[in-house]
Amino acid sequence: MTIDQETVDKIAHLARLELSGDEKQEMIKDMSKILDFMAKLNEIDTSGIEPLVYMTNEVNVLREDIVKQQVTHQEALQNAPKHDDDYFLVAKVIDLKSESQ
């Protein structure tokens, strides 16, 4: 497959990119290099090679979930700029789009 001006224009449109003439020429060169590299990889015989799923044979080792430090309700509220006895106070947010539907 060859990369030409029309192909770059289509890809730029799909990606919502605006490219100048020089940028389009650079893109043609770069994309051609990528396709040439992929063609080189296709030349390699991989018929006896198992697909690589994981980089290592290691199994995830997860630590036990132990609570080490607890923040009390009152301590958490102390860090809030505005709060009452039980809750954080925040500005009211209204989504006007959902109201019109």
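Reading guide: rules and limits
Residues numbered from 1 in each chain as written. Predicted model: local features only at pLDDT ≥ 70, side-chain atom pairs only at ≥ 80, totals over all residues. Heavy atoms only, no water. Helix = DSSP H or I, 4+ residues; strand = E, 2+ residues; numbered from the N terminus. Rg over C-alpha atoms; globule rule 2.2 N^0.38 Å. Buried < 20%, exposed > 50% of the residue type's maximum accessible area, 1.4 Å probe, protein only. Contact = heavy atoms within 4.5 Å. Areas by Shrake-Rupley, 256 points an atom, 1.4 Å probe, with all protein chains shown as cover. Lys, Arg positive; Asp, Glu negative; His and termini not counted. Charge placed at Lys NZ, Arg CZ, Asp CG, Glu CD.

A. Structural context of the overall build of the chain. Of the regular secondary structure elements, the chain holds four helices and zero strands. For 101 residues, the compact-globule estimate of 2.2 N^0.38 gives 13 Å, and the chain exceeds it by more than 25% at 28 Å. Counting all 101 residues of the chain, 9% fall into the buried class. Considering only intrachain contacts with a sequence separation of at least 6, the fraction spanning at least 24 residues in the chain is 18%. Total accessible area on the chain stands at roughly 10,400 Å², and carbon and sulfur atoms take up 54% of it. Distance between charge centroids for the chain: 5 Å, based on 11 positive and 21 negative side chains.

B. View of the side chain of Thr 7. Its place among the elements puts Thr 7 in helix α1 (residues 5–14). For Thr 7, a relative accessible area of 18% puts it in the buried group. Every residue in contact with Thr 7, bar those within four places of it in the chain, is listed here: Met 1 and Thr 2.

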